[in-house]
Amino acid sequence: MTRPHDFGFDETAQILKDTARRLLQDHCSPEQLHRLVAASSEPARASECVWDEALWRKMLDLGWTAVAVPEALGGFGMGLVAIAGLVEEVGRAAAPSPLIATLCATYVAAACDSDAARQLLRRIAAGLSVSLAITDRRGSWEAGDCDVTASDAGVLNGTAWFVQDARKVGVLLVKARSSRGVGLYAVDVDAAGVTIVPDAIVDLTRDQAHVELRDVAVPAERVIVSPGDGARALAAAEPAILTILAADMVGAAEWQLQTTAEYARTRVQFERPIGFFQAVKHPLVDMMVKIDAARSLLYDAACAFDHEPGAAEVGARMAKSAASDAASYCSGRSVQLHGGIGFTWECFVHLWFKRQKHNEVLFGDAAHQRARLADRLLGRIGETA
Amino acid sequence: MTESAHSESPEQAAYRAHCKAWLAGNLPPRPSFRLPLGPLEIATEEQLEYLCAWQKAAYSAGLVGCDYPGEYGGGGLRDCQRIANHELKAAGAPFFPNIVGLGMAAPTIVHHGTEAQKRRLLPPLLAAEEIWCQGFSEPGAGSDLANVQTFAERDGEGWRVRGHKVWTTLAHFATWMILLCRTDRGRKYEGMTYFVAPVRAGVGKGLTIRPLVKMTGELGFNEVLFDDYPIGDDLRLDEVGRGWQVAMTTLLHERGAGSLVTPSSGGGVGDDNAATLGASGLVELAKRCHRAGKPASDDPRLRDAIVEMLIRERAFAQNERRAAVRALTDHPLRLPLQHKLTLSELLQDTARLACEIEGAAATLHQTDAHAPAAGRWPHAYMNSYGFTIAAGSNEVQRNILGERVLGLAKSK
Ligand SMILES: Cc1cc2nc3c(=O)[nH]c(=O)nc-3n(C[C@H](O)[C@H](O)[C@H](O)COP(=O)(O)OP(=O)(O)OC[C@H]3O[C@@H](n4cnc5c(N)ncnc54)[C@H](O)[C@@H]3O)c2cc1C
């Protein structure tokens, strides 16, 4: 298969991105976001789940949960390149919503060839929000690492950790281990035996929880992937998940760049706008250079996923690595170059700083991605004679 | 991995096919002598001859200057040079020697030259029959280029030039020089005028070339002294006093941000050239070199650093790809103005890492029989500082990016 030189970013993708930019500018401006999620600076508020459900309904009206669902299942069947453009805008606005969790779950379900998966995808296209519950207590999402067990009859027990936006979604896609291997199960958040225990997290723009499952009976038609096939489905979806996270970071980093550049154009010290000084100017340029590298790799990865699946994993890990590094650098500089005001709760930059720190480590930080890439590109340690 | 002709016009697709077909049968044989790392290091006549013959052959086949109008020796196509560049690189073709001509003089002449100048100067430039050099920098005018003091004085119908240019790459082989002079000492930016000056023909007649030795021990750049050197007024480019604007056209193209894509090619034939100095070369190197008795490719810190370079190399290529997709670029100069900065730092950091991978062997000069990779890496590392300094130092590039793209206050 060949890759389109323009990444396959077509007019529909452009319209989706533009629409997202406008909607979020109108309904999730930095001022609105700060009022919403940072109303209280009480340390105890950290485990609250605040989000604008009216805005989420607008996103649903625009069909944002349907974009990645195949047309045959009631979705728009758009490529990951278009999704990347959408998620960039979500990151730019640092918008709290279950969209990213749902998109990630969509790609997992799309990698499962079952009636239950198709049914789940239809419901997602119609507006159902879903989050992945696939990570263990130590923070590993590797297929075999799992603190939830499934009996042969499909009864789940155990705890899934680091579940993103758990309190905003309707269904959890739970990974569970059984004697026959790893499977994936769709579990309603209000099903009997499910307890969502919020984590106190630093990021104010999302929520996270661990989910306790006690004798949760999952009917056969909710088994998305039967035991034994879960690892393959998760591996197939991982490049899309990494790409989506990279898109959020690239969009957020661009906000950090533009906001900090604006401050450097207007804040005057020593009778000059501080952007005059190279100790301010050059790091701003370095933010831009890192963002652009990550952004180019992002669209390359998305395009590979759409057109050349064999190249998707390398592309996605490169994008996630570059985006995590850009996110880290831009976060640090955005606070530092704002000076004292940048260190306050009142200033907006901490909202993006915290979202980026969260993004950086989800599904592996930059060093993790590079270690995995090294195994593929240099061979595993000890393999070279 | 392939990139399809998805968004290509029929003309472009046909042109790509032509390039592929021609390159498949017409790459020059590997020379018996060592080729320089790049055009800035051409030192001997035999290197020059070999490389000029290659550029001429590629030009005759329509791979050089294809986007230039036919009446100026070009191919009269639109938006095809980048296709040729891509295919030339993919074919591992040698680089073109007339780098100052193709990348700087030609677009400047197209934008500012008279009809007669374009017809006279462009065809032999594209064919590498006439080599060009750039006389901008002076001892007192480097980053602060607008401080040039080389003075052109009216002398009847023509001009007489007095002054001192420095770091003039390729002057020792050049037929022509693009020359930035002061014509009015009272005004800084409006007091400059741009000429094209004969070089070879002027040696001994008021023009002197003195070679300078680089830190690598190689030749390549020169000092050029003008002592009442006569230049005809027909060799002035654009108006008197417009030299700075003309120079900006040159610099924009030199930094890869101009409107005309520079014909460019691969690193060269064989293994002693820039093509093998990419980050992918690090992987093989790390498998062959050792650290604490184990392959360097098993060292976790080196593995991380190597992959980081591979990512940066890929990002550079993908930046080039994205720059052509309007919907995915913001400010039109944002990616083009990063080109020189990111490429030169990529080369430098790659070479530095390669030396680290080589360990003790990185002490060996390229003339030593035991030097790994023919001693290319320590040499390339030193040489990389030419790229981070030349064409506007990277510090100056960061100023330009900050000011032109991010709108930050000018540092002058
Ligand atoms: C290999 C090579 C080939 C070259 N070929 C040519 C050629 O063919 N023709 C030609 O005309 N010139 C050529 N040059 C010259 C080149 O353009 C200059 O060296 C370059 O512009 C820097 O000028 P300078 O050497 O005077 O250094 P300076 O301007 O004195 O700079 C010294 C240091 O100060 C820094 N600096 C200076 N001003 C600023 C500022 N405003 N902000 C931040 N930092 C600053 C610089 O980045 C640098 O690190 C070549 C140079 C090299 C190395």
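All values reported here derive from a predicted model rather than from experimental measurement. (Residues numbered from 1 in each chain as written. Chains lettered and ligands numbered in written order. Predicted model: local features only at pLDDT ≥ 70, side-chain atom pairs only at ≥ 80, totals over all residues. Heavy atoms only, no water.)

1. Quick word on the domain arrangement of chain A
Residue and element names in this part refer to chain A. Worth spelling out the cut-off: Segmentation into domains, and thus their bounds, comes from an automatic or database assignment. Between two residues, a contact is recorded if the distance between any of their heavy atoms is within 4.5 Å. When two parts are brought into contact, each loses some accessible area as probed by a 1.4 Å sphere; the total of that loss over both is the buried area. By convention in these notes, a salt bridge is any Lys or Arg side-chain nitrogen within 4 Å of a carboxyl oxygen on Asp or Glu. Distance and chemistry together define a polar contact, namely a pair of N or O atoms within 3.5 Å, with one atom able to donate a hydrogen and the other to accept it when in protein, and with adjacent residues in sequence counting only for side-chain atoms on both sides.
Under the domain assignment, chain A is made up of domain 1 (5–125), domain 2 (130–229) and domain 3 (231–384). Summarising the inter-unit geometry, the C-alpha centres of domain 1 and domain 2 are found 21 Å apart. At the junction of the two partners, domain 1 supplies 26 residues and domain 2 supplies 25 residues. With both chains or domains summed, domain 1 and domain 2 bury close to 1900 Å², and 69% of this area falls on carbon and sulfur atoms. Joining domain 1 to domain 2, the criterion identifies zero salt bridges. Counting the contacts that link domain 1 with domain 2 gives two residue pairs in polar contact (both at pLDDT 80 or more).

2. Brief notes about the interface of chain B and chain A
Often, the extent of an interface is quoted as the loss of accessible area upon association of its parts. Each partner contributes to the interface: chain B provides 48 residues, whereas chain A provides 54 residues. Carbon and sulfur atoms make up 60% of the area that chain B and chain A hide from each other, which totals about 4600 Å². For chain B, the biggest contributors to the area lost against chain A are Arg303, Arg321 and Leu406 of chain B; these three give 15% of the whole. Connecting chain B to chain A are 10 salt bridges.

3. Thoughts on the UniProt feature "domain: Acyl-CoA dehydrogenase/oxidase N-terminal" (unreviewed entry) in chain B
Using the following cut-off: UniProt positions are given in the numbering used here, feature names are shortened, and annotations may be inferred rather than shown by experiment. Going along the chain from the N terminus, every DSSP run of H or I of four or more residues is numbered as a helix, and every run of E of two or more is numbered as a strand.
Annotation from UniProt places "domain: Acyl-CoA dehydrogenase/oxidase N-terminal" (unreviewed entry) at residues 49–128 of chain B. Secondary structure across residues 49–128 of chain B divides into 60% helix and 0% strand, with the first and last C-alpha atoms of the span separated by 10 Å.

4. Here we look at the environment of Gly402 of chain B
The following threshold applies: A simple rule labels every residue: compare its accessible area, found with a 1.4 Å probe on the protein chains alone, to the largest value its type can have, and call it buried under 20%, exposed over 50%, or partly exposed in between.
Take Gly402 of chain B: it is sitting in helix α11 (residues 394–405). Take Gly402 of chain B: its relative accessible area is 0%, and that puts it in the buried class. As a C-alpha pair, Gly402 of chain B and His331 of chain B span 71 residues in sequence and 12 Å in three-dimensional space. Sequence-distant contacts of Gly402 of chain B, defined by excluding residues within four places in its chain, comprise Lys281 and Val285 of chain A together with Gly407 and Leu408 of chain B.

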